[in-house]
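Structure at a glance
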Amino acid sequence: MSLLADWLLRHSVVMCLLLHSLVLMTFCFHHAATSCSKNCYCTESESGGKTVRCSNLQLTEIPQDIPNDTRRVYLDFNLLTTVPTNAFAGLTQLVELDLSHNELSELEPGAFRGLGSTLQFLDLSSNKLGNLTPDAFEGLRARANLTNNPWHCNCNLQMAMPRVDLEPASLTGVVCHTSEPEKIGVEGLAFLLAPDIDLCVEMKRTTDVAMLVVMFGWFTMVISYLVYYVRANQEDARRHLEYLKSLPSRQGKSEESSTISTVV
């Protein structure tokens, strides 16, 4: 009986240690997944889920420790200049993202990758976005606020808009701050609401003019070569003719031969 008791005692201690380790690991993983991002303020409710507020913290980079179970992230009123690729990867429950009132001038391709199935609202207002990058909104069908950005309306933007998967009404926030060409006069207009304006016409005209200039250049080059070739041949012909003239004629040789025969 003593041997059995010792065996049970040893194994019970081992089982207790294993169980304790398992509980500790579970707690650590749960804490890592649900803790709040550094310097940010987090709240959680049964109906709305977890909200992470990182507003007005002078952030220059997007935090990488946002909990995976976050449903709303507020990064407004910071100093963010770009949204890198896969910036929010892992936030598979995110429904709202606020990036307004920053210094954003670039959205890298795949910036919002992984949010397409859950994100419902994206706020990019009051930034410094001038160019629309379709690859940044890859698969994203959320409603977006794109107002108060210095959008540069040109042919590239016109061709990019149909490739953006955002909710169509979101694109009404693209109000032209500058345009190319300037004379087309779309400043202050929502580009989506001006369907009769074709910003690519001027580019097509420029391309046509460039092609004409190139063709004229080639034509001029060919004509110049032909003129040079003709003049060079004329000079060679003149020299050959002068050479032939300098040779003694056959008739002169015959007369000299006759004179010599008579003398003999």
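The residue numbers shown here count from 1 along each chain, following its written sequence. Local features are withheld for residues below a pLDDT of 70 in this predicted model, meaning they are given only at 70 or higher, and side-chain atom pairs are given and counted only at 80 or more; totals for whole chains, interfaces and linings count all residues. Each side-chain value is derived from all of the structure's non-hydrogen atoms; neither hydrogens nor water enter the calculation.

The protein is annotated in an unreviewed UniProt entry as LRRNT domain-containing protein of Astatotilapia calliptera.

Concerning the sheet that holds strand E8 (residues 143-145)
Quick note on the threshold: Two strands pair if DSSP finds at least two bridges between them. Helix and strand definitions follow DSSP, with helices as H or I runs of at least four residues and strands as E runs of at least two, each counted in order from the N terminus. Whenever a helix is involved, its axis is fitted only over the stretch in contact; in every case the axis is a line through C-alpha atoms, and angles between N-to-C directions fall within 0 to 180 degrees.
Taken together, the six strands give an open sheet; going across it, the order is E1-E2-E3-E5-E7-E8, and neighbouring strands pair in mixed fashion. With partners counted over all chains shown, the strands left at the sheet margins are strand E1 (41-45) and E8, one partner each. Neighbouring strand axes in the sheet, compared pairwise and without regard to direction, differ in orientation by 15° on average. For strand E3 (residues 70-74) and strand E5 (residues 96-98), the ladder comprises three bridges, and the chain directions are parallel. The residue of E5 that forms the bridge with Val73 is Leu97.

Comments concerning the UniProt feature "domain: LRRNT" (unreviewed entry) in the protein
Note the threshold: UniProt positions are given in the numbering used here, feature names are shortened, and annotations may be inferred rather than shown by experiment.
Mapped onto this numbering, the UniProt entry gives "domain: LRRNT" (unreviewed entry) at residues 35-72. The distance separating the terminal C-alpha atoms of residues 35-72 is 14 Å; by composition the span is 0% helix and 34% strand.

Observations concerning the pattern of salt bridges
When the charged atoms of two side chains with opposite charge come close together, those side chains can pair. Here is the rule: In what follows, salt bridge is the name for a side-chain nitrogen of Lys or Arg lying within 4 Å of a carboxyl oxygen of Asp or Glu.
Within this structure, the stated rule accounts for four salt bridges. In this structure, the salt-bridge partner of Glu96 is Arg72, at a minimum N-O distance of 3.5 Å. Of the two residues, Glu96 sits in strand E5 while Arg72 sits in strand E3, which places them 24 residues apart along the sequence.

A few points about the confidence of the model for the protein
This is how it is decided: pLDDT measures the predictor's confidence residue by residue and takes values from 0 up to 100. The criterion used for residue contact is that any of the two residues' heavy atoms lie within 4.5 Å.
In this model, the protein carries an average pLDDT of 78, and 70% of its residues clear a pLDDT of 70 or more. When the criterion is pLDDT under 50, residues 22-33 qualifies, and its contacts beyond four places in sequence or with other chains add up to three contacts.

As for the packing of aromatic side chains
To be explicit about the condition: Stacked, tilted and edge-to-face are the three classes applied to pairs of Phe, Tyr and Trp rings, where Trp contributes its six-membered ring and a pair requires centres within 6.5 Å; stacked means planes under 30 degrees apart, edge-to-face means over 60, and tilted covers the rest. Note on classification: 1.4 Å probe, protein chains only; a residue is buried when its accessible area is under 20% of the maximum for its type, exposed when over 50%, partly exposed between these limits.
Across all of its chains, the model carries two aromatic pairs by this definition. Ring centres of Phe88 and Phe112 lie 6.3 Å apart, and the angle between their planes is 5°; this geometry places the pair in the stacked category. Of this pair, Phe88 sits in the loop between strand E4 (82-83) and E5 while Phe112 sits in the loop between strand E6 (106-107) and strand E7 (121-123), and the two are 24 residues apart along the sequence. Residue classification places Phe88 among the buried residues on the basis of a relative accessible area of 1%. Judged by relative accessible area, Phe112 falls into the buried class, the value being 1%. Connected via pairs of aromatic rings, a cluster forms that spans Phe88, Phe112 and Phe137.

Section: the state of the cysteines
Joining two cysteines, a disulfide is a covalent bond between their sulfur atoms. Test applied: Note on terminology: disulfide denotes any pair of cysteine sulfur atoms within 2.5 Å.
Summed over the entire model, instances satisfying the criterion amount to four disulfides. Here Cys36 is linked by a disulfide to Cys42, with a sulfur-sulfur distance of 1.8 Å. Linking Cys36 and Cys42, the disulfide has an S-S dihedral of approximately 80° and is accordingly described as right-handed. Counting its disulfide-bonded cysteines in sequence order, the protein shows a connectivity of 1-3, 2-4, 5-7, 6-8.

Concerning the pairing of E1
Both faces of the sheet carry side chains from a regular strand, because those side chains alternate between them. Note that E1 and strand E2 (residues 49-53) share five bridges and pair antiparallel. Counterpart to Glu44 in the pairing with E2 is Lys50. Linking E1 to E2, which pair antiparallel, is a turn of three residues.

Regarding a nonpolar patch on the surface
Spelled out, the test is: Note on patches: the residues involved have over 30% relative accessible area and no salt bridge, like charges join within 9 Å, and the nonpolar side chains Val, Leu, Ile, Met, Phe, Trp and Tyr join within 5 Å. All accessibility values rest on the Shrake-Rupley procedure with a 1.4 Å probe; residue burial counts only the protein chains present in the view.
On the surface, Val222, Ile223, Tyr225, Leu226, Val227 and Tyr228 cluster together to form a nonpolar patch covering roughly 600 Å² of accessible area. Within the element layout of this structure, Val227 appears in helix H3 (residues 201-246).

Observations regarding unusual backbone geometry
Its identity is not glycine, yet Gln58 carries a phi of approximately 60°, on the positive side. One can find Gln58 in the loop between E2 and E3. Although it is not a glycine, His101 adopts a positive phi angle of roughly 55°. Here His101 is to be found in the loop between E5 and E6.

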